[in-house]
Amino acid sequence: MPDPASRLEEIRFGYGPRVGQALASGGLDPDRVMAQLTARDKPAEAWTGPTLADRFVLIDDQVARRRAKLAPLTDPTYNLNTIRARDALAFIARPTAASCGFVERLVNLWSNRLTVASSPGVAILIPPLRDEAVRPHITGRFPDMLRAVLWQPAMLAYLNQNVSSGPNSSYGLRKGRGLNENLARELLELHSMGTGFTQADVTELARLLAGMQAAGNGPELDERRVEPGEKTILGDTYTTGIPEIDRLAETIAMRPETAHSVARMLARHFIADEPPADLVETLAQTYLQSGGHLPPMYRALLTHPAAHDQTLHKLRSPQDFMAASLRATGLSGDEEETPAFRKKGMRLGEVMARMGQPVFAARRPDGWPETAPGFLTPPMVAARLEWATDLARLTGERADPVAQAQHLLGDLGTPLLFGAVAGAEQRWEGLAVLLGSPDFMRR
Amino acid sequence: MSPTHLVSRRAFLIGCSVAASPLVTSVTFAAATGENRLVIILLRGAMDGLDVVRPIGDPGYAALRPTLAAGEPLNLDGFFALHPAAAALMPLWNAGQLGFVQAVATPYRIGRSHFVAQDALENGAGAADGGMTPARDGWLNRAVGLIPGATPDTAVSIGRERMMILDGAQPTGHWFPSEESALSAQGQALLAALHSADPLFAGPFAQAQTLTQTANLEIPRDDLAYRSFGTYVADRLRAEQRIASFSVGGWDTHQSQARTMSDRLASLSETILSIQSGLGKHWDTTLVLTMTEFGRTARENGSNGTDHGTGGLMIAAGGALRGGRVFGQWPGLGEGQLLAERDLMPTADVRAYAAWALRSMFGIEAQALQSQVFPGLDMGDDPGLVL
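It should be emphasised that the depicted structure is a prediction, and the values quoted were computed from it without experimental measurement.

**Some details on the overall build of chain A**
Phase 1 of the analysis: In terms of regular secondary structure, chain A is built from 23 helices and 2 strands.
Phase 2 of the analysis: Taking 443 residues into account, the globule formula puts the C-alpha radius of gyration at 22 Å, and chain A, at 23 Å, falls close to it.
Phase 3 of the analysis: Overall, chain A is about 75 × 60 × 40 Å in size when its C-alpha atoms are taken along their principal axes.
Phase 4 of the analysis: In chain A, buried positions account for 59% of the 443 residues.
Phase 5 of the analysis: Of the roughly 16400 Å² of accessible surface on chain A, 53% is carried by carbon and sulfur atoms.

**Re the overall build of chain B**
Phase 1 of the analysis: Each helix and strand counted, chain B has 12 helices and 12 strands in total.
Phase 2 of the analysis: A buried classification covers 60% of the 387 residues belonging to chain B.
Phase 3 of the analysis: Contacts in chain B between residues at least 24 apart in sequence constitute 74% of all its contacts with a sequence separation of at least 6.
Phase 4 of the analysis: Here chain B has roughly 13800 Å² of accessible surface; of this, 53% comes from carbon and sulfur atoms.

**Focus: the side chain of B:Asn301**
Phase 1 of the analysis: As for its position among the elements, B:Asn301 is in the loop between strand E9 (286-292) and strand E10 (312-317).
Phase 2 of the analysis: Engagement of the side chain of B:Asn301 in a polar contact is seen with the backbone oxygen of B:His254, the distance being 2.9 Å.
Phase 3 of the analysis: In terms of polar contacts, B:Asn301 uses its side chain to reach the backbone amide nitrogen of B:Ser303, at 2.9 Å.
Phase 4 of the analysis: Every residue in contact with B:Asn301, bar those within four places of it in the chain, is listed here: A:Leu179, A:Asn180, B:His254, B:Thr306 and B:Asp307.

**Section: the interface of chain A and chain B**
Phase 1 of the analysis: Counting from both sides, the interface comprises 51 residues of chain A and, opposite them, 47 residues of chain B.
Phase 2 of the analysis: Summing both sides of the interface, chain A and chain B together bury roughly 4300 Å²; the carbon and sulfur share of this comes to 59%.
Phase 3 of the analysis: Across the salt bridge formed by B:Arg342 and A:Glu181, the nearest N and O atoms sit 3.1 Å from each other.
Phase 4 of the analysis: Secondary-structure elements contributing two or more residues to the side of chain A that touches chain B are helix H11 (182-191), helix H12 (199-209), helix H19 (348-354), helix H20 (378-395), helix H22 (415-422) and helix H23 (427-435) of chain A.
Phase 5 of the analysis: With 9 residues, the single largest contributor to the side of chain A that touches chain B is H20(A).
Phase 6 of the analysis: Class assignment of the residues belonging to the side of chain A that touches chain B gives a composition of 24 nonpolar, 12 polar and 15 charged.

**Some points on the domain arrangement of chain A**
Phase 1 of the analysis: Parsing chain A into structural domains produces domain 1 (159-253), domain 2 (256-308) and domain 3 (318-435).
Phase 2 of the analysis: Just the C-alpha atoms count here: the centres of domain 1 of chain A and domain 3 of chain A sit 43 Å apart.

**Observations concerning the packing of H12(A) against helix H13 (residues 242-253) of chain A**
All names here are of chain A.
Phase 1 of the analysis: At a closest axis distance of 10 Å, the pairing of H12 and H13 adopts a crossing angle of 145°. Judged by residue contacts, Leu205, Leu208 and Leu209 of H12 engage Glu244, Ile245 and Leu248 from H13.
Phase 2 of the analysis: Residue composition of the contact of H12 with H13, by class: 5 nonpolar, no polar and 1 charged.

**Looking at the environment of A:Gly330**
Phase 1 of the analysis: Within the secondary structure, A:Gly330 is located in the loop between helix H17 (318-328) and helix H18 (339-343).
Phase 2 of the analysis: With a relative accessible area of 45%, A:Gly330 lands in the partly exposed category.

**Some words on the sheet that holds strand E2 (residues 53-54) of chain B**
In a beta sheet, neighbouring strands pair by backbone hydrogen bonds and run either parallel or antiparallel.
Residues and elements named next belong to chain B.
Phase 1 of the analysis: With antiparallel pairing, 3 strands are arranged side by side in an open sheet as E2-E4-E3. Both outer strands of the open sheet, E2 and strand E3 (74-75), are each paired with one neighbouring strand and no more.
Phase 2 of the analysis: Pairing analysis gives 2 bridges linking E3 to strand E4 (residues 81-82), with the strands arranged antiparallel. Across the sheet, residue Leu74 finds its bridge partner in E4, namely Leu82.

**Side note on the pairing of E9(B)**
All names here are of chain B.
Phase 1 of the analysis: When you tally the buried positions in E9, you get 7 out of 7 residues, the bulk of the element.
Phase 2 of the analysis: Alternating residues of E9 divide into Thr286, Val288, Thr290 and Thr292 and Leu287, Leu289 and Met291, and every residue in both groups is buried.
Phase 3 of the analysis: For strand E1 (residues 37-43) and E9, the ladder comprises 7 bridges, and the chain directions are parallel. The residue bridging Val39 from the neighbouring strand is Val288, located in E9.

**Section: H17(A)**
For an α-helix, the turn length of 3.6 residues means that residues three or four places apart are oriented alike.
Residue and element names in this part refer to chain A.
Phase 1 of the analysis: By the criterion of burial, H17 is predominantly enclosed, with 11 of the 11 residues buried.
Phase 2 of the analysis: Along H17, the positions that sit buried rather than exposed are Pro318, Gln319, Asp320, Phe321, Met322, Ala323, Ala324, Ser325, Leu326, Arg327 and Ala328.
Phase 3 of the analysis: Remark: Gly330 follows H17 within two positions and exhibits a positive phi of approximately 75°.

**What about the nonpolar core?**
Phase 1 of the analysis: A:Leu106, A:Trp110, A:Leu266, A:Tyr298, A:Trp387 and B:Phe100 are the most contacted members of the largest nonpolar core, which totals 189 residues.
Phase 2 of the analysis: Element by element, the count of residues in this core is highest for H20(A), at 9 residues.
Phase 3 of the analysis: In this structure, B:Leu140, B:Ile243, B:Leu369 and B:Val386 belong to the second largest nonpolar core, which totals 44 residues.

**Here's the deal with the packing of aromatic side chains**
Residue and element names in this part refer to chain A.
Phase 1 of the analysis: Summed over the entire model, instances satisfying the criterion amount to 15 aromatic pairs over all chains.
Phase 2 of the analysis: Residues Phe13 and Phe270 carry aromatic rings whose centres are separated by 5.2 Å and whose planes lie at 25° to one another, so their mutual orientation is stacked. Taken together, the residues Phe13 in helix H1 (residues 7-13) and Phe270 in helix H14 (residues 256-270) connect sequence positions 257 residues apart.
Phase 3 of the analysis: For Phe13, a relative accessible area of 2% corresponds to the buried category.

**Observations concerning the pattern of salt bridges**
Residue and element names in this part refer to chain B.
Phase 1 of the analysis: The final tally for this structure, using the stated rule, is 42 salt bridges over all chains.
Phase 2 of the analysis: A salt bridge links Arg296 to Asp252; its shortest N-O distance comes to 3.1 Å. Of the two residues, Arg296 sits in the loop between E9 and E10 while Asp252 sits in the loop between strand E8 (243-248) and helix H10 (257-279), which places them 44 residues apart along the sequence.
Phase 3 of the analysis: Using a relative accessible area of 26% as the deciding quantity, one classes Asp252 as partly exposed.
Phase 4 of the analysis: A salt bridge links Arg264 to Asp263; its shortest N-O distance comes to 3.5 Å.

**Remarks on H23(A)**
Phase 1 of the analysis: Burial analysis of H23(A) places 8 of its 9 residues in the buried class, which makes it a mostly covered element.
Phase 2 of the analysis: If you check which residues of H23(A) are buried, you get A:Trp428, A:Glu429, A:Gly430, A:Leu431, A:Ala432, A:Val433, A:Leu434 and A:Leu435.
Phase 3 of the analysis: For H23(A), the elements touching its buried residues are H17, H20, helix H21 (401-409) and H22 of chain A together with helix H7 (185-196) of chain B.

**Things to note about the pairing of E10(B)**
Residue and element names in this part refer to chain B.
Phase 1 of the analysis: Of all 6 residues in E10, 6 are buried; the element is thus mostly enclosed.
Phase 2 of the analysis: The side-chain alternation of E10 yields two buried faces, one formed by Gly312, Met314 and Ala316 and the other by Leu313, Ile315 and Ala317.
Phase 3 of the analysis: In the sheet, strand E5 (residues 98-105) pairs with E10 via 5 bridges, with the strands oriented antiparallel. Across the sheet, the residue bridging to Val104 is Gly312, located in E10.

**Some details on the confidence of the model for chain B**
All names here are of chain B.
Phase 1 of the analysis: When pLDDT is averaged across chain B, the result is 86; 88% of the residues are at 70 or more.
Phase 2 of the analysis: The low-confidence segment residues 214-223 (pLDDT under 50) makes 17 contacts with residues lying over four places distant or belonging to another chain.
Phase 3 of the analysis: Across the whole predicted complex the pTM is 0.78, and at the interface the ipTM reaches 0.89.

Cut-offs applied
Along each chain, the written sequence defines residue order, and numbers are assigned to residues from 1. Labels follow written order: the first chain is A, the first ligand is 1, and so on. Per-residue local features are limited, in this predicted model, to residues with pLDDT of at least 70; the limit for side-chain atom pairs, both in listing and counting, is 80 or more; totals at the level of whole chains, interfaces and linings are taken over all residues. Excluded from the side-chain calculations are hydrogens and water; all other atoms, namely the structure's heavy atoms, are used. Helix and strand labels come from DSSP, where a helix needs a run of H or I of at least four residues and a strand needs a run of E of at least two; each type is numbered from the N terminus. Here the globule rule reads 2.2 Å times residues to the power 0.38, and the radius of gyration is calculated from C-alpha atoms. Relative accessible area decides the class of each residue, using a 1.4 Å probe on protein chains only: under 20% of the type maximum gives buried, over 50% gives exposed, and in between gives partly exposed. Calculation of accessible area relied on Shrake-Rupley with a 1.4 Å probe; when residues are assessed, cover is drawn exclusively from the protein chains displayed. The contact criterion used throughout is that any non-hydrogen atoms of two residues lie within 4.5 Å. The definition of a polar contact used here is a pair of N or O atoms within 3.5 Å, where within protein one atom must be able to donate a hydrogen and the other to accept one, and adjacent residues in sequence count solely through side-chain atom pairs. When two parts are brought into contact, each loses some accessible area as probed by a 1.4 Å sphere; the total of that loss over both is the buried area. Whenever a carboxyl oxygen of Asp or Glu lies within 4 Å of a side-chain nitrogen of Lys or Arg, that contact is scored as a salt bridge. When residues are grouped by polarity, Ala, Val, Leu, Ile, Met, Phe, Trp, Tyr, Cys and Pro land in nonpolar, Asp, Glu, Lys and Arg in charged, and all others, Gly among them, in polar. Just so you know, the domain bounds were taken from an automatic or database domain assignment. Axis definition: a line fit to C-alpha positions, over the contact stretch in the case of helices; interaxial angles, taken between N-to-C directions, run 0 to 180 degrees. Strands are labelled as partners when DSSP assigns at least two bridges between them. In this text, buried Ala, Val, Leu, Ile, Met, Phe, Trp, Tyr and Cys residues form a nonpolar core when linked through side-chain atoms within 4.5 Å. Aromatic pairing here means that ring centres of Phe, Tyr or Trp (its six-membered ring) are within 6.5 Å. Orientation follows from the plane angle: under 30 degrees is stacked, over 60 is edge-to-face, and everything else is tilted. One number per residue, pLDDT, summarises how confident the predictor is, and it ranges from 0 to 100.

Following this line, the structure appears as structure tokens:
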């Protein structure tokens, strides 16, 4: 018997129900989820940080002030450290606040697939990659997203493209500099095709990409580092210039290998670590037939029987888990500066790291794990339980954990769970059992 | 659910492990595996072996490494010299407790993908395309199953991250310090009941419960410093554990390699030395091996770094090592000697050295090593890694 309320929709395609907020009815409604893609979400938008262009101005300004031996600006609007801290908090607080959870889930999904992890100087550039290259395209085409991310300064710096020079470029010849293959390889392997290319394709692609440089206002080539001549990549010939790089991105994005890897990513993220093969195939065909448009894939996903399965198969990532637990306890995440949080050492960023998802600092360029085992080592489980306990102790003194369990999980919770929550000696411990339960950690 | 239905935490853990374990018999809980200890350190990101153990005697070397050959490497044997940032390890070399294996690789030699290569290294199947065994388990896990008297406490991964190398059918541990729970015993029992009933959570939850029992050490809640990390590893190996594995990242040096390499090597040296000091007399029967997914391009790239390559380096240390030498057959760096005109040519399967280490340290039969632990491996002659 399917749960008649929208819990499944909120849990599988969002960040879970919020305490004190009535649930919609009708179970999982694909139309209602799709409507989120074009709806305004003011609570979430409040967490948008400065634009890439503004950040470039602030960085230039800080460099200039340092040269002039002036102290950095202290006004929080202009202080880079304040902005960085706000960015990291937004990683949790934005999904916590969101009324369109599906949108935030998609932004996090694609940003993780096209990962930039923080290295010195890059952290400040990551939020614009998420908000200006990924976010506008989740309602559009994947090839456009791929191209936009490719040109993001954060990506160029993270995968060393900013220091790759054509060996026969003027700079390369004069300084004896050459190619750096890092971005070329990951663009093919992680961001798009995954398989079906050779080392020769990687090297040729590196020749094509040489000269890309970070800029605050769109694509820029450093002509001195551009490799002259033709490049043959996957059987196609390219010359030089920004339109040629864009043509390459479009071409690889529309390869069938990319269609399958995008389809698998989407199905694996929302449905199961090993998603049904027919779903992946349907999504891949949808992608190819729609010219890489993502919304038709979402609809195919939402209307597939697997999306309506009443068993929750996926493990919530630490970000999902933390946002869901804050929503479940009526917090926003902004409380981390309060004495109560500080006293318990509840710094959200540190807790995220202990759970295995250090904010903006995935260990590898393929991003954080998308399947359960990567987030289920014993130390990570210990960190989840510690968080659940701390949060319950902080908020659960007057809680009604049984009603909360009913509100959050309803028919999706197991009888064992309701028994355990009811069996706790104290209210807050009942809440700790609920938040620390396997039921609550799934989506 | 009444808490009286639940056994104590420790008993719960053991009960759970035994149920899942085909290798435990009723008498094997006493540590029956002897005094030999093996530490496998996975260096993620692909360490540049040509920079760590520099072939200064090879006529091709200097030209391939115009900036990276700088500094004053420490002479090892006249032909090879050690990166200066690893100077702290020289006393081990002089004592015959440090050695290296040059020009090794897994059989995955075409794709140069970190992720396929790391999986291949930890899985140990040895497929040329990086394909894994059907169980997608780790070779060290399969090896534990072949050690007479092994228990769920014999092998342990250390750190927060999952280690495929020790994943699989044999129960093994996973340690990292954690805080005591603020929940009452009853609250903990309720959580234990929920988690033990859930196949996904049962194993990691049970082990998570033991993590708080470790610390007579002052462990910070965030990442461990390298010295305390080595000490923590040594602590485990002084207790029941005989095999430990952990990973150290940050070796993907596409850019400004000189700086990153110095930092990484200094940290790795510190970790190895703190394992040594933490183990005390047990260091004499310990072998530490590092493995990395592949080597890097013989030539520097265009940004003072190196790109993904093939032939790589294994670092070996420990009192059980017959050290003071660079093992392996050197392929040369000259014209026609590089793989695909770019990478150090591998001259041995890195799995053979791991297999011989398991053979020497734990007496696992060669036939089992070549069929079960590393399917299809030809171990060849004993390289004499272990005293």
